[in-house]
Every structure is written in C-alpha cells, then in structure tokens.
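Topology and contacts: notes
So the chains spell out like this:
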Amino acid sequence: MLLEFDKIPNKSPIWIFEAERNLTDSEIGNISNMIKCFISKWQTHKEDVHGSCEIKYNKFIIISANKDINNPSGCSIDGIFKLIKKIENKNSLNLLNRLTTSYIDENGDIKSCNIDEFKDKIKKNIIKTTTIVFNNIIKEKWQLESNWKVEASKSWHKRLFN
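What this report covers is the structure whose coordinates are included nearby. This structure is a prediction, so every number in the text was calculated from the model and none was measured. Sequence order as written defines the numbering, with residues in each chain counted from 1. The model is predicted, so local features are restricted to residues of pLDDT at least 70 and side-chain atom pairs to those at 80 or more, both for listing and for counting; the totals for chains, interfaces and linings are taken over all residues. Here the side-chain values reflect all heavy atoms present in the structure, with hydrogen atoms and water set aside.

1. A short note on helix α2 (residues 75-91)
Note the following rule: A helix here means a DSSP run of H or I that spans at least four residues, while a strand means a run of E at least two residues long, and both kinds are numbered starting from the N terminus. Given the number of residues in a helix, its expected span is that number minus one, multiplied by 1.5 Å. Burial classification: accessible surface area is computed with a 1.4 Å probe over protein chains only, and a residue below 20% of its type maximum counts as buried, one above 50% as exposed, and the rest as partly exposed. By definition in these notes, contact holds between two residues if any of their heavy atoms fall within 4.5 Å.
The end-to-end C-alpha distance of α2 is 24 Å, a good match for the 24 Å that 17 residues give at a rise of 1.5 Å each. Every buried residue of α2 is listed here: Ser76, Gly79, Ile80, Leu83, Ile84, Ile87, Glu88 and Asn91. Residues of α2 that are buried make contact with β1 (14-18), α1 (25-41), β2 (43-44) and β5 (60-65). The positive-phi residue at the C-terminal boundary of α2 is Ser92, with phi of around 50°.

What follows is the structure, encoded as structure tokens:
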C-alpha cells in the first residue's frame, strides 16, 4: 500500500540508492511511477507492505516501509533490489554501486565521485573532515534528518582520512 512519505513512522527502515549522475525530470517521473507501482503491490508473507518513496536532489532514491504494519523481510526486501535493477537497466543507471559517494562542495553543489577520487580529493584538501557528505548507510527514516547529510568526520567517510 502506497503512503505519503511523511506518514511513514520515523523508526521505519529505509533504503537509499544513489545515482552516479543527476536524474532528468523524465527519468524521475518514470522511476517514481515504477517505484509507486511496486509499492502498491509490495507484500511480505502475503500481507501488504505500507511503503513510500522519495527522490531527493535528483540523485537519491529513498524507499521506506512502515515497520509497524507488515515489516518487510527476506523476499520482500529482495523485491526492492530486483526493482532497482530494472530501473538501472531501463535508465542506463548504476544505483547499486556502493563505491560512489556524494558530498557538498564549497559552492553548495552536490558532487559525486568514486572512492578513489574521493581519497584523492582528501589528499588535495578539496574534501576536508568538515565537508558535508551523504551517509547512505543509515537504516531508519529518522536518521534522514540528523545522520544523512553530515560532516565527513561524523560518518563512515572518516576512515578515508587516515
């Protein structure tokens, strides 16, 4: 069952998929429709999952499920990843590459690069421990507000500075 994103409880699980490039308006429309269609039929153990999605900054696909009503597990979570693979194939995207990372540069623009480029930018002092990064490994919806966009020193990125 499809819900508005703000109707999902804060303690509910989320999955964040990052595009390596900005999505076009047309892609956002198509992707949103694919995800909404999936969520409207999403089930776990033959019971409806109550879920939602958002696309943030033309780059991040965020899917969530109400954990209080038929929390997804196993095959129902696998279904998300099958959907993401379909989205990748249809739109020539790579959404499952966990080596892509994004940060906000000194001009306030969101930039993306792979881990090796990120490390190189650290060495060149382009990225600092105070640079805002997107911590896509957060697990619950409430963390979007406080733990998603954080200084690199407060995320898993901090280990890249050693």
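2. Some points on the pairing of strand β4 (residues 51-56)
As a reminder of what qualifies: Should DSSP find at least two bridges between two strands, the strands are regarded as paired.
In terms of strand pairing, β4 meets β5 through 6 bridges, oriented antiparallel. Paired with Cys53 across the strands is Ile63, a residue of β5. Between β4 and β5, which follow one another and run antiparallel, lie 3 residues, and Tyr57 among them has a positive phi close to 55°.

3. Things to note about the sheet that holds β5
We count it as follows: Convention adopted: a line fitted to C-alpha atoms gives each axis, helices being fitted over their contacting stretch, and angles between N-to-C directions are expressed from 0 to 180 degrees.
Overall, antiparallel pairing links the 3 strands, which are arranged β1-β5-β4 in an open sheet. Each edge of the open sheet is held by one strand with a lone partner, namely β1 and β4. Taking the axes of each pair of neighbouring strands and ignoring which way they run, one obtains an average angle of 15° across the sheet. Bridge analysis of β1 against β5 gives 5 bridges, and the strand direction is antiparallel. Looking across to β5, one finds that Glu18 is bridged to Phe60. Lying over the sheet, α1 contacts β4 and β5, oriented at roughly 165° with respect to β4.

4. Re the state of the cysteines
Stated formally: Cysteine sulfur atoms are paired as a disulfide whenever they fall within 2.5 Å.
What the rule picks out here adds up to 0 disulfides. Left unpaired, Cys53 is separated from the closest cysteine sulfur, that of Cys37, by 11 Å. Overall, Cys53 belongs to the buried group, its relative accessible area being 12%. Here Cys75 stays free of any disulfide, with the sulfur of Cys37 as its closest cysteine sulfur at 19 Å. You can call Cys75 exposed: its relative accessible area is 69%.

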